[in-house]
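Chain residues, written in single-letter form:
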Amino acid sequence: MSSTHLRLSITILSLISSLWQLVAAEPVQYCKFGDSDNPNGRVDFCMGAVLHRNASTSSHDLLLSFTHIRRNGSKLGWTAIGLGNSMEGSLMFVVYGDPISSQAPIVSIRGSAGHHQPTLLTRADAGGADLRVVQAAWAKSTGASEGTGRHDYVAQVHLICYSCSLWPGALISATAKSQPWIWAWNPHQDFPVFSFDAHLEMHAHHSTSGGFGNFFVDMTRAVNNVPRPVSLPPIRPQIATMGTSETPVGLRATFLTIALNPTLHLHALLMGIAFFVLFPAGIFAMRSGAKTAFRYHWVLQLAGSTSIFCSMILGLIMRQSINTVHQGIGVAIAIATGLQGILGWRHHVKLLETGDRTWLSDAHVLLGRLVMIAGWSNVVIGMMLYGYSIRSVFIVGALGLIEMAGIILWVWRTSCKKNVVQEDSEGPSEDPQRKEVYIPSRGL
Ligand code: HEM
Ligand SMILES: *[C@@H]1O[C@H](CO)[C@@H](O)[C@H](O)[C@H]1NC(C)=O
Ligand SMILES: *[C@@H]1O[C@H](CO)[C@@H](O)[C@H](O)[C@H]1NC(C)=O
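Residues numbered from 1 in each chain as written. Chains lettered and ligands numbered in written order. Predicted model: local features only at pLDDT ≥ 70, side-chain atom pairs only at ≥ 80, totals over all residues. Heavy atoms only, no water.

## Quick look at the overall build of the protein
Then comes step 1: From N to C terminus, the protein includes nine helices and 14 strands.
Then comes step 2: Put simply, the protein has 444 residues, and 45% of those count as buried.
Then comes step 3: Restricting the contact set of the protein to residue pairs at least 6 apart, pairs at least 24 apart contribute 70%.
Then comes step 4: Working note: accessible area of the protein is about 23,400 Å², and carbon and sulfur atoms make up 65% of it. (Helix = DSSP H or I, 4+ residues; strand = E, 2+ residues; numbered from the N terminus. Buried < 20%, exposed > 50% of the residue type's maximum accessible area, 1.4 Å probe, protein only. Contact = heavy atoms within 4.5 Å. Areas by Shrake-Rupley, 256 points an atom, 1.4 Å probe, with all protein chains shown as cover.)

## Structural notes on the state of the cysteines
Then comes step 1: One pass over the structure, following the stated rule, counts two disulfides.
Then comes step 2: One disulfide bridge connects C31 with C46, the sulfur atoms lying 2.0 Å from each other. As the torsion about the S-S bond is roughly 115°, the C31-C46 disulfide counts as right-handed. Highlighted residues: C31 in strand β1 (residues 28–32) and C46 in strand β2 (residues 45–54), separated in sequence by 15 residues. Neither C31 nor C46 differs from the other in exposure class; each is buried.
Then comes step 3: One disulfide in the model links C161 with C164; its S-S distance is 2.1 Å. Its S-S torsion of approximately 90° makes the covalent link between C161 and C164 right-handed.
Then comes step 4: A residue is classified by how much of its surface remains accessible, and C161, at 0% relative accessible area, is buried. (Disulfide = S-S within 2.5 Å.)

## Here's the deal with helix α4 (residues 262–286)
Then comes step 1: Between its terminal C-alpha atoms α4 stretches 34 Å, which fits the 36 Å expected from 25 residues at 1.5 Å a residue.
Then comes step 2: Of all the bends in α4, the largest measures some 35° and sits at A274. (Expected span 1.5 Å × (residues − 1). Bend = angle between axes of the 7 residues up to and from the residue.)

## Points about the packing of aromatic side chains
Then comes step 1: Enumeration according to the criterion identifies eleven aromatic pairs in this entry.
Then comes step 2: Geometrically, the ring pair formed by Y30 and F215 is stacked, given 4.1 Å between the ring centres and 5° between the ring planes. Taken together, the residues Y30 in strand β1 and F215 in strand β11 (residues 212–217) connect sequence positions 185 residues apart. In terms of burial, Y30 and F215 fall into one category: buried.
Then comes step 3: Ring geometry for W181 and F215: centres 5.6 Å apart, planes at 25°, overall stacked. Of the two residues, W181 sits in strand β10 (residues 179–186) while F215 sits in strand β11, which places them 34 residues apart along the sequence.
Then comes step 4: Given a relative accessible area of 0%, W181 falls into the buried group.
Then comes step 5: By the ring-pair criterion, three or more aromatic residues cluster together here, those being Y30, F45, F66, W181, W183 and F215.
Then comes step 6: Between R346 and the ring centre of W345, over which it is positioned, the NZ or CZ distance is 5.1 Å. (Phe/Tyr/Trp six-rings, centres within 6.5 Å; stacked < 30°, edge-to-face > 60°. Lys NZ or Arg CZ within 6 Å of the ring centre and 35° of its normal.)

## A word on a nonpolar patch on the surface
Then comes step 1: Side chains of L266, L269, I273 and V277 sit close together on the surface and give an oily, nonpolar patch of about 330 Å² of accessible area.
Then comes step 2: Here L266 shows up in helix α4. (Patch = residues over 30% accessible without salt bridge, like charges linked within 9 Å, V, L, I, M, F, W, Y side chains within 5 Å. Salt bridge = Lys/Arg side-chain N within 4 Å of Asp/Glu carboxyl O.)

## Thoughts on the site of ligand 1
Then comes step 1: Around ligand 1 sit 20 residues in total, of which M87, H115, H203, H205 and H206 are the nearest.
Then comes step 2: H115 places a polar side-chain atom, nitrogen or oxygen, 2.7 Å from an oxygen atom of ligand 1.
Then comes step 3: Counting only elements with at least two residues in the shell around ligand 1, the list comes to β4 (78–83), β10 and β11.
Then comes step 4: For the shell around ligand 1, the element with the most residues is β10, which contributes three residues.
Then comes step 5: Among the residues making up the shell around ligand 1, the classes are represented as eleven nonpolar, eight polar and one charged. (Near = heavy atom within 4 Å. Polar contact = N/O pair within 3.5 Å; in protein donor to acceptor, adjacent residues only side chain to side chain. Nonpolar A, V, L, I, M, F, W, Y, C, P; charged D, E, K, R; others polar.)

## Observations concerning the pattern of salt bridges
Then comes step 1: Throughout the structure, instances matching the rule amount to eight salt bridges.
Then comes step 2: We note a salt bridge from D44 to R71, for which the minimum N-O separation is 3.0 Å. Here the residue D44 occupies a position in the loop between β1 and β2, and R71 occupies one in the loop between β3 (59–70) and β4, the gap between them amounting to 27 residues. As far as the burial class goes, D44 and R71 line up, both buried.
Then comes step 3: Among the salt bridges present, the one from R132 reaches D130, with a minimum N-O distance of 2.9 Å.
Then comes step 4: Exposure remark for R132: the relative accessible area of 45% places this residue in the partly exposed category.
Then comes step 5: Residue classification places D130 among the buried positions, given a relative accessible area of 16%.
Then comes step 6: One network of salt bridges, in which partners are shared, links D44, R71, R150 and D152.

## Examining the packing of helix α5 (residues 293–319) against helix α6 (residues 325–354)
Then comes step 1: Where α5 contacts α6, the axes come no closer than 10 Å and their chain directions differ by 155°. With respect to each other, α5 and α6 are oriented roughly antiparallel. The chirality of how α5 crosses α6 is left-handed. Contacts from F294, S305, I308, M312 and R319 of α5 reach α6 at Q327, I333, A334, T337 and H348. (Axes fitted to C-alpha atoms, helices over the stretch in contact; angles between N-to-C directions. Parallel < 35°, antiparallel > 145°, perpendicular 65-115°, else oblique. Left-handed = near helix turned anticlockwise from the far one by under 90°.)

## So, the confidence of the model for the protein
Detailed reading of the predicted model is not advised wherever pLDDT is low.
Then comes step 1: Chain-level statistics for the protein give a pLDDT mean of 84 and a share of 85% at 70 or above.
Then comes step 2: Across the protein, the secondary-structure element scoring lowest on mean pLDDT is helix α9 (residues 432–438), at 39, and the one scoring highest is strand β5 (residues 91–96), at 98.
Then comes step 3: Below a pLDDT of 50 lies the segment residues 421–444, which in the model reaches 42 contacts outside its immediate sequence neighbourhood of four places, other chains included. (pLDDT = per-residue confidence, 0-100.)

## Thoughts on the nonpolar core
Then comes step 1: Of all hydrophobic cores here, the largest spans 40 residues; its most connected members are M47, I81, L83, L91, F93, W181 and F215.
Then comes step 2: Ignoring any residue separated from it by four or fewer positions in sequence, one finds I81 in contact with F45, M47, L64, F66, L91, M92, F93, W181, I182, W183 and F215.
Then comes step 3: One finds F275, I308, V371 and V380 within the second-largest nonpolar core, a separate group that totals 22 residues. (Core = buried A, V, L, I, M, F, W, Y, C linked by side-chain atoms within 4.5 Å.)

Here you go:
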């Protein structure tokens, strides 16, 4: 290929790629659709964003749209979103006001040094980022209130954060595939006056209370490189996510989220280790036919039980109340695991005494199978409840099924072998070690 051809191809390619960037850039959107019958039930907001590369400052301006529904014109509460991973260091936009009054909704731009009431920002706090509210208004909302005799209102807010990545508190990046954002709300607070620096009452406590949360935005999708000013992002009705997600995408964002809620993930990890590694290994060991089988079995099952116990304590620290199916199953499993230990131990003692299996042995095997099935299921239920991605839930669920199949095969194989051995042998041997290998072969 001649050099002119090459140059021409490169020009055409770069033209296509820049055209593609123009076409591919689109507003991203994230919505939480509340419960229209119970206005205090769930948070209700939408955000849309566009990032615009500003030729005169060579940095990115963030154009943000935000809407929030107030059922029947209620003047109670506040709703907020923020850029950042947790309260600390986030750039927050808190919206409140009285839709029936003539006053526009307040857009209070705040920051916080931790788990305290966020305070109003000064220009100096923003580190060179410059924030301007372009529009804030109440509008009548149609839709859910139709025919209910209710008059719903929606706060419509547009703002621009010029050179937004200069914000010093948290990383705000136009190249992030998974930029963390936060949201929070308080549906009850009755403001005596609506001022920018009004005192805010806290959102609900606890990660599962629905009072606060995270979402993640693919900023690269929102970048628009055209030189002229771009229009504010529209909020598209009925669309929950566009270029955004509930869970982080990629490794870095995943680590950030784990750091945000270490108790939750440690709880999940310990349960995972118990049900996917230690207990299955203990079952395999028991059936291995080795002389040390029994010792491996009880050591592994004890380690698994300890892991479950620690994990349950973490779970209780997180919630302090037991009211979901996941927690109910969890407590039942913990009790059953304790029982398993006692049954296993009594079975062993009886066995050494009499050399025969008792009802204890069968109970131990049966309960063990139930605990394993309940445990695998509950790990999956927990992951589904607490925001793990569909993909990871699927992988863990599949792993559970594979392990179950593996154990069934292993148990079936070893019990076939033992039956053959049994026919050849002349009754139980006097060596306790050998009995222990022979006895459990009839069950897990
Ligand atoms: C009004 C005063 C506020 C107080 C006193 C407050 C306090 C707290 C506390 C104590 C926690 C720890 C979690 C818990 O104990 O359940 C927390 C977490 C959280 N809050 Fe706030 N908060 C306030 C306002 C806000 C606002 C305006 C936002 C805006 C988006 C927000 C977003 C969050 C988020 C996302 C978390 C979880 C991540 C983290 O731990 O930082 N909070 N808050
Ligand atoms: C809506 O608010 C009005 C006046 O504030 C009240 O009279 C009416 O009962 C409310 N309707 C509903 C469905 O809550
Ligand atoms: C670029 O940034 C400057 C300063 O923040 C701002 O005044 C101007 O409007 C921006 N240009 C565009 C095209 O948005």
